[in-house]
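# Descriptive analysis of the structure
In case you want the letters, here they are:
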Amino acid sequence: EGSFDLEHLFSVVKEKLPNYAQPQFIRLCGEEERIGVTGTFKYRKIQLVEEGFNPRNIAAAEVGEEAGRTIRLFFRDKKQFIPLDDTLYKRIISG
């Protein structure tokens, strides 16, 4: 299993992108969760838009490893990407 360096991603994002272009949320998916493409090689984004960043909506499963799924969500705070769970989601939604 490969690993993904969130600290490095955060530093590259901060260094290379203006604030308005920095992603607020990151979704990491396992090999079996690839985003599909159309016949003209465009990403199928409708499902991503419908799921949003609510951990409970991600393919009708909790975030984490369930039934072979490996979807992880992260939120960018001021110093790092942190795991996005239901508690943090509610804090974000409430302002």
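Bear in mind that the values here come from a model prediction, so they are computed numbers and not experimental data. (Residues numbered from 1 in each chain as written. Predicted model: local features only at pLDDT ≥ 70, side-chain atom pairs only at ≥ 80, totals over all residues. Heavy atoms only, no water.)

## Structural notes on helix H1 (residues 6–16)
Defined as follows: For every residue, the accessible area obtained with a 1.4 Å probe (protein chains only) is divided by the maximum for its type, and the residue is called buried under 20%, exposed over 50%, and partly exposed between those limits. The helix count covers DSSP runs of H or I at least four residues long, the strand count covers runs of E at least two residues long, and both are numbered beginning at the N terminus. Summarising the geometry, the arc corresponds to the directions from the helix axis toward the C-beta atoms. Side-chain atoms alone can form a polar contact between residues adjacent in sequence; in general such a contact is a pair of N or O atoms within 3.5 Å, and within protein one must be able to donate a hydrogen while the other accepts it.
Leu6, Phe10 and Val13 are the residues of H1 that are buried. Projected down its long axis, H1 carries its buried residues within an arc of 65°, all on one side. More than 90 degrees from the buried face of H1, the exposed residues found are Glu7, Glu15 and Lys16. If you check the start of H1, you find a side-chain oxygen 3.2 Å away from the backbone N of Glu7, and it comes from Asp5.

## Some remarks on unusual backbone geometry
Residue Phe41 is not a glycine yet carries a positive backbone phi of 65°. Along the polypeptide, Phe41 turns up in the loop between strand S1 (25–29) and helix H2 (46–51).

## Digging into the nonpolar core
Applicable threshold: Residues grouped as a nonpolar core are buried Ala, Val, Leu, Ile, Met, Phe, Trp, Tyr and Cys residues, joined through side-chain atoms within 4.5 Å.
Core analysis: the largest hydrophobic core is formed by seven residues, namely Ile58, Ile71, Leu73, Phe75, Leu84, Leu88 and Tyr89. Secondary-structure elements contributing two or more residues to this core are strand S3 (69–76) and helix H3 (86–94). Broken down by element, this core gets its largest block of residues, three residues, from S3. Listed in part, the six residues of the second largest apolar core include Leu6, Leu28, Phe74 and Phe81.

None of this, on its own, says anything about what the molecule does.
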